[in-house]
Amino acid sequence: MIRIVSKLLLGLLLRCPNCGRGRMFRGLFKMEPTCPYCGARYERQSGESIGGTLINLCVAEVLSVGGYFVSQALWSPPLAFQLVFWITFNIVFIVLFYRHARGLWVSIAYLAGGVYADSDTGQQYTRTEKQ
Ligand SMILES: [Zn+2]
C-alpha cells in the first residue's frame, strides 16, 4: 500500500515512477518520451495521454461544481459572480494541473506494468517500423 501511494505521489510530483529521479516534463506541456536516468518509456502508444486528460477534467469538474454548491450554501453570492469565478477557476486549474494529471496517469500505468525501459528487441522493432 505504501509503495502504491509513493509511486502515485512520484507521478503527481512529475518524477519517474520507476526510479524517482528523472523529471517527466520539459517546460509546461512537453513530456519527455523516456526517463533520462533509467530509460523507462512513459507512454508506449500515442493516445495514452487521454487517461491523464480524463483525470484532469474529472478533478476540475468535481472541484468546480463542488465549489459552486459549497460557496452557494455558505455565502449565496450572485449567480453571475459564481459563473465567472468557477469558469475561470476551471480553465486555470485545467492548465496548471495538466502535467500533474498526466504524471499521475503514468504512475497508474507503471503500477499496471506498462512503464518500463525499452528492451533491445523493442528498439529494433521501432527502428524497422520507421524504415
Ligand atoms: Zn526513471
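Refer to the preceding data block for the structure.
Residues numbered from 1 in each chain as written. Predicted model: local features only at pLDDT ≥ 70, side-chain atom pairs only at ≥ 80, totals over all residues.

In this section: the environment of Tyr 110. For Tyr 110, the location among the structural elements is in helix α3 (residues 79-111). Overall, Tyr 110 belongs to the buried group, with 20 C-beta atoms counted inside 10 Å. For the pair Tyr 110 and Phe 93, spaced 17 residues apart in sequence, the C-alpha to C-alpha distance is 25 Å. Residues within four places of Tyr 110 in sequence aside, it is in contact with Lys 7, Pro 17, Asn 18 and Val 115. (Helix = DSSP H or I, 4+ residues; strand = E, 2+ residues; numbered from the N terminus. Buried ≥ 20, exposed ≤ 12 C-beta atoms within 10 Å, placed from the backbone. Contact = placed C-beta atoms within 7 Å.)

With that settled, the discussion passes to the packing of helix α1 (residues 2-12) against α3. Two elements in contact, α1 and α3, have axes separated by 7 Å at closest approach and are oriented at 145°. Here α1 runs over α3; the crossing is right-handed. Here Ile 4, Lys 7, Leu 8, Leu 10, Gly 11 and Leu 12 of α1 come into contact with α3, specifically with His 100, Gly 103, Leu 104, Val 106, Ser 107, Tyr 110 and Leu 111. Considering only residue class, the contact of α1 with α3 consists of eight nonpolar, four polar and one charged. (Axes fitted to C-alpha atoms, helices over the stretch in contact; angles between N-to-C directions. Left-handed = near helix turned anticlockwise from the far one by under 90°. Nonpolar A, V, L, I, M, F, W, Y, C, P; charged D, E, K, R; others polar.)

Shape descriptors only; they carry no functional weight alone.
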